[in-house]
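Summary of the model geometry
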Amino acid sequence: MPLPFLTADRAFEAPGETSDDVALPFDDHDQWRRPYRPGPWRVGAAALLLLLASFILLAAMIIVFTGAVPEAGVCLGLAVVLIACALRLLRVGAWVSRRGLRRVRFLVTTTVPWDRATAVRTVQQPVRWLGLPRTVQGQALVLVQQGGGQLQLLTDHNADFLFRVEAFDRAADTVEAWGDEYRPVSSM
């Protein structure tokens, strides 16, 4: 059952379903936003972590009723860590704003202002499969920085785009459009 009133990305719906392609009234380019939806693998992993945390919280409640408060505190602490991991897992990805581009990983966040970026492009290269050490041939969206450094933003084999090639192409095009709009034009 589609719930279009809950989504802000109506511009990507099928033709004929939307009446216009105007920006939504709350479309604020100064806010950090992920230009794509989290993928099913990422959401599923976060849901499993939250399910495990709920069982641990239930166990903590049972332990409190038996009178072993320190052990219940350990269970509560473990559940809080699992909930924090699930929330962080949902934040992982590429985020854009008028100020620059941000790559959020599980433990590290890297922000690159648009004036330090020279290009945002899609390249064919070996990429990690679901972030594991195994690599496969695929596509990656990379940010080329001044000085020649590259920052890999998205791949078509990560938890957001595995088996969703159209979604990867749409997200890559959107991030590239943000780069074209906000990257300063170099005069030669």
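Before reading further, recall that the structure is shown in the block above.
1. Observations concerning the overall build of the protein chain
Along its length, the protein chain carries three helices and six strands. When the elements of the protein chain are put in sequence order from the N terminus, they spell out α-α-β-β-β-β-β-β-α. In the protein chain, buried positions account for 34% of the 188 residues. For the protein chain, the proportion of contacts with a sequence separation of at least 24, taken over those separated by at least 6, is 53%. Accessible surface, the protein chain as shown: approximately 11700 Å² in total, 63% of it carbon and sulfur.

2. Remarks on unusual backbone geometry
Of note in this structure, L130 is not a glycine but carries a positive phi near 55 degrees. In this fold, L130 is placed in the loop between strand 4 (117-128) and strand 5 (135-145). Its relative accessible area of 26% is what places L130 among the partly exposed residues. Of note in this structure, F163 is not a glycine but carries a positive phi near 65 degrees. The topology assignment puts F163 in the loop between strand 6 (150-155) and helix 3 (165-182). A relative accessible area of 68% means that F163 is categorised as exposed.

3. Here's the deal with the pattern of salt bridges
For the structure shown, the criterion picks out three salt bridges. Between D160 and R42 there is a salt bridge, and its shortest N-O distance comes to 2.9 Å. Taken together, the residues D160 in the loop between strand 6 and helix 3 and R42 in helix 1 (residues 40-66) connect sequence positions 118 residues apart. Close ionic contact of D180 with R183 constitutes a salt bridge, the shortest N to O distance being 3.5 Å.

4. Comments concerning the nonpolar core
By size, the foremost hydrophobic cluster in this structure holds 21 residues, and its most contacted members are W114, L141, L143, L153, L154, F161 and V175. At the level of elements, strand 1 (93-96), strand 4, strand 5, strand 6 and helix 3 are the ones that each hand at least two residues to this core. Ranked by the residues each element gives to this core, the list is headed by helix 3, at seven residues.

5. Remarks on helix 3
Here helix 3 spans 26 Å end to end across 18 residues, near enough to the 26 Å set by a 1.5 Å rise per residue. Three or more residues of helix 3 are buried, namely A167, F168, A171, A172, T174, V175, E176, W178, G179 and Y182. Looking at the packing, one finds that the buried side of helix 3 touches strand 1, strand 2 (100-104), strand 4, strand 5 and strand 6.

6. Focus on the packing of helix 1 against helix 2 (residues 69-91)
Running from amino to carboxyl end, helix 1 crosses helix 2 at an angle of 165 degrees, the nearest separation of the two axes being 8 Å. Classified by the interaxial angle, the pair formed by helix 1 and helix 2 is roughly antiparallel. Here the hand of the crossing between helix 1 and helix 2 comes out left-handed.

How each quantity is defined
- Residues numbered from 1 in each chain as written.
- Predicted model: local features only at pLDDT ≥ 70, side-chain atom pairs only at ≥ 80, totals over all residues.
- Heavy atoms only, no water.
- Helix = DSSP H or I, 4+ residues; strand = E, 2+ residues; numbered from the N terminus.
- Buried < 20%, exposed > 50% of the residue type's maximum accessible area, 1.4 Å probe, protein only.
- Contact = heavy atoms within 4.5 Å.
- Areas by Shrake-Rupley, 256 points an atom, 1.4 Å probe, with all protein chains shown as cover.
- Salt bridge = Lys/Arg side-chain N within 4 Å of Asp/Glu carboxyl O.
- Core = buried A, V, L, I, M, F, W, Y, C linked by side-chain atoms within 4.5 Å.
- Expected span 1.5 Å × (residues − 1).
- Axes fitted to C-alpha atoms, helices over the stretch in contact; angles between N-to-C directions.
- Parallel < 35°, antiparallel > 145°, perpendicular 65-115°, else oblique.
- Left-handed = near helix turned anticlockwise from the far one by under 90°.

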